[in-house]
Amino acid sequence: MSATLDDRKELERLRREIARYNVSYHVLDRPEISDAEYDSLFLRLLELERLHPEWVTPDSPTQRVGATPAAEFAAVEHRVPMLSLANAYSEEELRDYDRRMCALLGEHSIVYVSEPKLDGLSVELVYEKGSLVRGSTRGDGAVGEDVTANLRTIRSIPLRLAEADPVPELLEVRGEVYIEKTAFRAVNERRARDGQPLFANPRNLAAGSLRQLDPRVTAERALRMACYDVGTAVGLTLSTQQELLATLPRFGLPVNPLFAVCASPDDVTAFYRRMQKERDALPYETDGVVVKIDRFDLRRASGTVSRSPRWAIAGKFPAERAVTRLRDIVISVGRTGILTPVASLDPVRVHGVEISSATLHNEDDIRAKDLRVGDRVVVQRAGDVIPQIVASLPELRDGSESVFAMPTRCPACGSRVVRLEAEAAWRCFNTTCPARIKQSIGHFASKGALDIDGLGGKLIDQLVERGLVARLGDLFRLDRDTFAALDRMGPKSADNLVQAIHRARTVPLARLLYGLGIPEVGATTADLLAQHAGSLRRLSQTQREELVTIPTIGPRTAETVVDYFANEENQKTLADLLAVGLTIESPTLLDSRSQGLLAGKRFVFTGTLATLTRDEAAARVQQLGAVVAGSVSQKTDYVVAGSDPGAKADMARSLGIPLLTESKFLTLLGESHND
Ligand code: IVH
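Source: prediction; values computed, not measured. (Residues numbered from 1 in each chain as written. Predicted model: local features only at pLDDT ≥ 70, side-chain atom pairs only at ≥ 80, totals over all residues. Heavy atoms only, no water.)

> Just checking my understanding: could you explain the overall build of the protein chain for this structure?
Within the protein chain one finds 25 helices and 28 strands. In terms of overall dimensions, the protein chain has a C-alpha envelope of 80 × 75 × 50 Å along the principal axes. By residue count, 47% of the 675 residues in the protein chain fall in the buried class. The contacts in the protein chain between residues at least 6 apart in sequence include a share of 67% that link residues at least 24 apart. Of the roughly 32,600 Å² of accessible surface on the protein chain, 52% is carried by carbon and sulfur atoms. Once the 86 positive and 92 negative side-chain charges of the protein chain are each reduced to a mean point, those two points are 2 Å apart. (Helix = DSSP H or I, 4+ residues; strand = E, 2+ residues; numbered from the N terminus. Buried < 20%, exposed > 50% of the residue type's maximum accessible area, 1.4 Å probe, protein only. Contact = heavy atoms within 4.5 Å. Areas by Shrake-Rupley, 256 points an atom, 1.4 Å probe, with all protein chains shown as cover. Lys, Arg positive; Asp, Glu negative; His and termini not counted. Charge placed at Lys NZ, Arg CZ, Asp CG, Glu CD.)

Here it is, written out as structure tokens:
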């Protein structure tokens, strides 16, 4: 009897411990115990459950189904096993690694090549006589899945090797398939709108895109590949990693141009430190560096320990995830009336920044993640990526948590909210809802739109709450005395504001369109619409069928534009703007003023700008005909570096591309600025 009681206690303790280690291993990426210790706990739990089958419950860690290879993909055996890497978590551990290798190989010092560790999915490509014949996932290292059809849709993967060199008889290349942060965000934004579950991180998206059965879906996902290793090669001899990285591009195989040759442990730790600092500025997600012995003869001599080769080690960065409590879910109302749930969190430091709130996108997102108020949740902040909740930890619930329900009424104006069938979002349809008005005015006054300097959120709140502004046009009816009477306003700032509003009375059509906040119409689309229609009147009469003929404008955007102008409230707003004397510059007028100024130039932004957000800066240069890119390449014309610029600035320097400071950039835009 008492033996049974002890068993029961032990079983419960084991389940709790295993659940915790699972979180630290799989979620936080910080194993607390060795694999062997974990296995022994797990085996003991299995043994107890075999003794007492009546105690097996579906939530026992033993009942989790492993990620077995999908049955639909054919199995591919790797000629040379695809191993994984041992981890180091600090500069000291990287130095230890170097000491161990020197001792093992009897070398005085070792040259390493260090590369960013890309956070994606590793794959192997097999080229026979220069043709891509097979591509597979790593799988369990020995056997992977045949995902050739999906890999063929990735544009950076050559289907034939370039003929620049004698093409090897056989070449197996390994590398990482990944997705850039901006493309990742775009996919999730679209999914949030469509009410589909979101991808937790770029790695999951890359893996999900590759391991699904319809290659057309893979093709839509903007995946990339960077090669970093070679398996079997016949007809090609490589003897160092440096040579490998120089040779693969000659065959048209993509490699990451960012790496460092490290002749000493100091060089290794310097690169580790530098990447940690610059990771936010990189276009892709990276969770560490991979330090590799450069010489292949030394690699062969070093051998393998428990599925990891000794010739390389992953230097992992400190956690960018943490566990905290979800205190509450509050609703914020946007300018289009969409109700966005926002998580209010017990403050926690992640990646050097304190996080106390995170967006939850929509109701379905909350449901998909099974978030309950009071839950312990895993939060993530990957650099410039907005903080997000990755998962809840149901195993840590104590029963006091409560399920969240979306409100049935708008928290700002009290009118009933509606969830449209095709959308995931609940909306407040009251166009006079104060929350909506505040947000629309803020957007209307923002830099990319009418650019009314000094009209910030706190002022707008007062203007709306005191009933001074109910429509956009009302802004132009305000005088100096009205402003001067508001909190925190002096006569000087009131004067400045009146002048700023006066200047905004004349506005290019594209900026006005952007400022109106038509759903789906960002700065770039506003520009296209303005160029196409030429005037507000003409655009307001343009049919959906004509709008979809504009390149990059899809049926969805065309629909919202037509709907916007058909709406009676919007018509009143526009009529009112014209009544107060708004002058709209047609795009041809704008063109003659700035013709060719930045036409066709390619810009890349890095670091933080003091006077503009990146979106605003991008909108500005786009209005002058330039193109904005996410990463630096030979084709880049200018890199604009704000404070704390990242790797993109280094890249620009090494490619000899002009680097602009913020003030040079503003001068280029023809702006006067006083600082
Ligand atoms: S070299 C023995 N280089 O990290 C494996 N791997 O934990 C040698 N990875 O499975 C791999 N970036 O998916 C290498 N620059 C890089 C990498 C990289 C990401 C991944 C790869 C591998 C995992 C090892």
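> Before we go on, may I ask you to explain the pairing of strand E4 (residues 121–128) in this structure?
Here is the key point about a regular strand: its side chains alternate between the two faces of the sheet. Most of E4 sits out of view: seven of its eight residues are buried. Here eight bridges tie E4 to strand E7 (residues 170–179), and the two strands are oriented antiparallel to one another. Within the sheet, the bridge partner assigned to Val126 lies in E7 and is Glu172. Two strands pair when backbone bridges link them, and E4 and strand E5 (residues 131–137) are joined in this way by six bridges, in the antiparallel orientation. Across the sheet, the residue bridging to Glu124 is Ser136, located in E5. What sits between the antiparallel neighbours E4 and E5 is a turn of two residues, in which Lys129 has the positive phi angle 50 degrees. (Pairing = 2+ DSSP bridges.)

> What should I look at first to understand the site of the ligand in this one?
Around the ligand sit 13 residues in total, of which Glu115, Leu118, Glu176, Tyr228 and Lys292 are the nearest. Residue Pro116 places a main-chain N or O atom 3.3 Å away from a nitrogen atom belonging to the ligand. A distance of 3.0 Å is found between a nitrogen atom of the ligand and a backbone nitrogen or oxygen belonging to Leu118. In the complex, the protein chains occlude 89% of the 520 Å² of accessible area that the ligand would expose alone. The set of elements that each furnish at least two residues to the shell around the ligand consists of strand E3 (112–118) and strand E10 (286–293). Class assignment for the residues of the shell around the ligand results in eight nonpolar, one polar and four charged. (Near = heavy atom within 4 Å. Polar contact = N/O pair within 3.5 Å; in protein donor to acceptor, adjacent residues only side chain to side chain. Nonpolar A, V, L, I, M, F, W, Y, C, P; charged D, E, K, R; others polar.)

> Can you help me understand the pattern of salt bridges in this one?
Working definition: two side chains of opposite charge can pair if their charged atoms are close together. Applying the stated criterion across every chain yields a total of 41 salt bridges. Arg372 is the salt-bridge partner of Asp370, the closest N and O atoms lying 3.3 Å from each other. The salt bridge partner of Arg477 is Asp474, with a shortest N-O separation of 2.7 Å. Residue Arg477 is classed as partly exposed on the basis of its relative accessible area, which comes to 47%. Via salt bridges that share partners, Arg274, Glu278, Asp650 and Arg653 belong to a single interconnected network. (Salt bridge = Lys/Arg side-chain N within 4 Å of Asp/Glu carboxyl O.)

> Would you explain the nonpolar core in this entry?
Ranked by internal contacts, the top residues of the largest apolar core, which has 53 residues, are Ile452, Leu455, Leu475 and Leu513. Counting only elements with at least two residues in this core, the list comes to helix H12 (434–445), helix H13 (457–465), helix H15 (491–503), helix H16 (509–515), helix H17 (523–533), helix H18 (536–540), helix H20 (555–566) and helix H21 (568–579). For Leu455, the contacting residues outside a window of four places in its chain are Ile441, Ala445, Ile460, Leu463, Leu475 and Leu497. Residues Leu121, Leu132, Met225 and Cys227 belong to the second largest nonpolar core, which totals 37 residues. (Core = buried A, V, L, I, M, F, W, Y, C linked by side-chain atoms within 4.5 Å.)

> Where do I start with the packing of aromatic side chains in this structure?
Any two aromatic rings considered together are summarised by their centre-to-centre distance and by the angle between their planes. For the structure on display, the rule yields nine aromatic pairs. Measuring from centroid to centroid gives 6.1 Å for Tyr97 and Tyr112, while their planes differ by 45 degrees, and the two rings are tilted. A residue pair is termed long-range when its members are at least 10 positions apart, and Tyr97 in helix H3 (residues 91–105) and Tyr112 in strand E3 qualify at 15 residues. Under the relative-accessibility criterion, Tyr97 is labelled buried at 3%. Among the residues examined, Tyr112 registers a relative accessible area of 1% and is labelled buried. (Phe/Tyr/Trp six-rings, centres within 6.5 Å; stacked < 30°, edge-to-face > 60°.)

> Help me understand the environment of Ala652 in this model?
Within the fold, Ala652 resides in helix H24 (residues 647–655). Classification of Ala652 by relative accessible area gives buried; the value is 0%. Those residues within four positions of Ala652 in sequence are excluded, and the remaining contacts are Val632, Val639, Ile657 and Leu659.

> Would you explain the packing of H20 against H21 in this entry?
Between two packed helices, both the angle of their axes relative to each other and the distance between the axes serve to describe the pair. Across the interface, H20 lies against H21 with an axial gap of 5 Å and an inter-helix angle of 70 degrees. By the angle between their directions, the pair H20 and H21 is classed as roughly perpendicular. Between H20, through Tyr564, Phe565 and Ala566, and H21, the contact on the second element is made entirely by Glu568, Asn570, Gln571 and Leu574. (Axes fitted to C-alpha atoms, helices over the stretch in contact; angles between N-to-C directions. Parallel < 35°, antiparallel > 145°, perpendicular 65-115°, else oblique.)

> Looking at this model, I keep getting lost on the sheet that holds strand E28 (residues 659–660). Mind explaining?
Whenever strands of a sheet pair, they do so through backbone hydrogen bonds, lying parallel or antiparallel. What the four strands build is an open sheet, ordered E26-E25-E27-E28; its pairing is parallel. What marks the edges here is a single partner per strand, and that holds for strand E26 (627–628) and E28. Relative to strand E25 (residues 602–606), helix H23 (residues 614–623) is tilted by about 165 degrees, and along the sheet it contacts E25 and E26.

> Just to check I follow, could you spell out the pairing of strand E27 (residues 638–641) for this structure?
In E27, alternate side chains face the same way, and those of Tyr638 and Val640 on one face and Val639 and Ala641 on the other are all buried. Pairing between E27 and E28: two bridges, direction parallel. Across the sheet, residue Val640 finds its bridge partner in E28, namely Leu660. Each parallel crossover has a hand, and for E27 linked through H24 to E28 it is right-handed. (Right-handed = clockwise from strand over helix to strand, strands pointing away.)

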